[in-house]
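Listed below, chain by chain, are the residues.
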Amino acid sequence: MRPACLPRLSLIALPLLAFPAFAETPLEAALAAPTEGPTYRFDLKIEDNDLKAEAQVDPSRPEGEHLTLISPAADTLEGKAAERYAELKENTSGDKIWCNNFNQNIPADAKMISESGDAAVYSFTPLPGEDKETAKVYKHLTGRVTVSKEKPAILAFEMFAEKPFKPAMVARIDSFSMTANCGRAPDGRTYVQNLALDVSGNAMMQAFSQSERREVTNLVALPGTSADTALGQR
């Protein structure tokens, strides 16, 4: 004989099965935001210890020629400025501007430290990837990411050292700060609109100081690249 209590238990279980799954956090939604979209041509301003320049980056050009210097003229550069330009020209691809590239640095245990109606901020120790030298630095840093709640995406990313540290026996970092502020591309993804890097310390008994500023503007989708990715679709 079927136990008298079985129908009653079934009536309790059915509504439980209909409950929705737990909602994803703002960070989870941002990390899962679309990564595909058009390829863009854009303008780049860069200023560091060796070079201050304006350039255009066009991924449709042949490899090694994606970056074209606008000002100053390339043939006027000398010494470290010429070396820096050659390095940028060789290594610039045009596909590293997306803020979702920071996804790989954000661990699953990132903790929310503040929240507003539009955004949430998380703190964490940044993941360094597989590079052992990078790992020696990142383990001393604090990372923070700001994500949009309304239109999931990364809005800002930063890493900084709260105190001096030694990544190696012969080196000391006195200060480290990297800040990236993100803008919205026409397809809804966010890109590194402004980046600031400042590092100072001592290596091999020699003081050093490194500073870099970058600004990306005037994104123009290249003909024939996909523009079908809609903001928020996954």
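Above: the structure in question.
Keep in mind it's a predicted model, so treat the numbers as computed, not measured.

(A) Representation of the pairing of strand β11 (residues 206–221) within the structure. Sheet analysis places strand β1 (residues 40–48) next to β11, joined by 8 bridges and oriented antiparallel. Residue pairing in the sheet places Ile 46 in a bridge with Arg 214 of β11. Looking at chain direction, strand β10 (residues 190–203) and β11 are connected through 10 bridges and run antiparallel. Each bridged residue has a counterpart across the sheet, and for Gly 201 the counterpart in β11 is Phe 208. Between the end of β10 and the start of β11, which pair antiparallel, lie 2 residues, with Met 204 showing a positive phi angle near 55°.

(B) How the structure looks around the nonpolar core. In this structure, Val 145 and Phe 176 are the most contacted members of the largest nonpolar core, which totals 27 residues. Those elements that provide at least two residues to this core are α2 (26–31), β5 (119–124), α4 (132–138), β6 (142–148), β7 (153–160), β9 (171–184) and β10. In terms of residue count, the dominant contributor to this core is β9 (5 residues). Apart from the residues lying within four places of it in its own chain, the contact partners of Phe 176 are Val 137, Leu 141, Met 159, Phe 160, Ala 161, Leu 197, Asp 198 and Val 199. Membership of the second largest hydrophobic core comes to 20 residues, among which are Ala 55, Leu 67, Trp 98 and Val 216.

(C) View of the environment of Ser 71. Inspection of the secondary structure puts Ser 71 in strand β3 (residues 67–71). Ser 71 sits 16 residues away from Ala 55 along the chain, and the two C-alpha atoms are 6.8 Å apart. Excluding anything up to four places from it in sequence, Ser 71 contacts Lys 52, Ala 53 and Glu 54.

(D) How the structure looks around the packing of aromatic side chains. Inspection of every chain in the model, using the stated rule, returns 3 aromatic pairs. Between Tyr 40 and Trp 98, the aromatic rings sit 5.8 Å apart at their centres with planes inclined by 55°, giving tilted as the arrangement. Pair noted here: Tyr 40 is in strand β1 and Trp 98 is in the loop between α3 (79–91) and β4 (111–115), with a separation of 58 residues, a long-range link. Relative to Phe 157, the ring of Phe 124 lies with its centre 6.0 Å away and its plane at 40°, an arrangement referred to as tilted.

(E) Local environment of the pairing of β5. A large share of β5 lies buried, amounting to 5 of its 6 residues. Of the strand pairs in this sheet, β4 and β5 are connected by 4 bridges, and their pairing is antiparallel. Counted as the bridge partner of Ser 114 is Val 121 from β5. As defined by bridge partners, β5 adjoins β6 across 6 bridges and the pair is classed as antiparallel. Residue pairing across strands places Phe 124 opposite Gly 143, the latter belonging to β6.

(F) Structural detail: a nonpolar patch on the surface. On the surface, Met 169, Val 170 and Met 204 cluster together into a nonpolar patch covering about 380 Å² of accessible area. Mapped onto the elements of the fold, Val 170 is located in the loop between β8 (165–168) and β9.

Conventions adopted
- Residues numbered from 1 in each chain as written.
- Predicted model: local features only at pLDDT ≥ 70, side-chain atom pairs only at ≥ 80, totals over all residues.
- Heavy atoms only, no water.
- Pairing = 2+ DSSP bridges.
- Helix = DSSP H or I, 4+ residues; strand = E, 2+ residues; numbered from the N terminus.
- Core = buried A, V, L, I, M, F, W, Y, C linked by side-chain atoms within 4.5 Å.
- Buried < 20%, exposed > 50% of the residue type's maximum accessible area, 1.4 Å probe, protein only.
- Contact = heavy atoms within 4.5 Å.
- Phe/Tyr/Trp six-rings, centres within 6.5 Å; stacked < 30°, edge-to-face > 60°.
- Patch = residues over 30% accessible without salt bridge, like charges linked within 9 Å, V, L, I, M, F, W, Y side chains within 5 Å.
- Areas by Shrake-Rupley, 256 points an atom, 1.4 Å probe, with all protein chains shown as cover.
- Salt bridge = Lys/Arg side-chain N within 4 Å of Asp/Glu carboxyl O.

That's the geometry; what it means functionally is another story.
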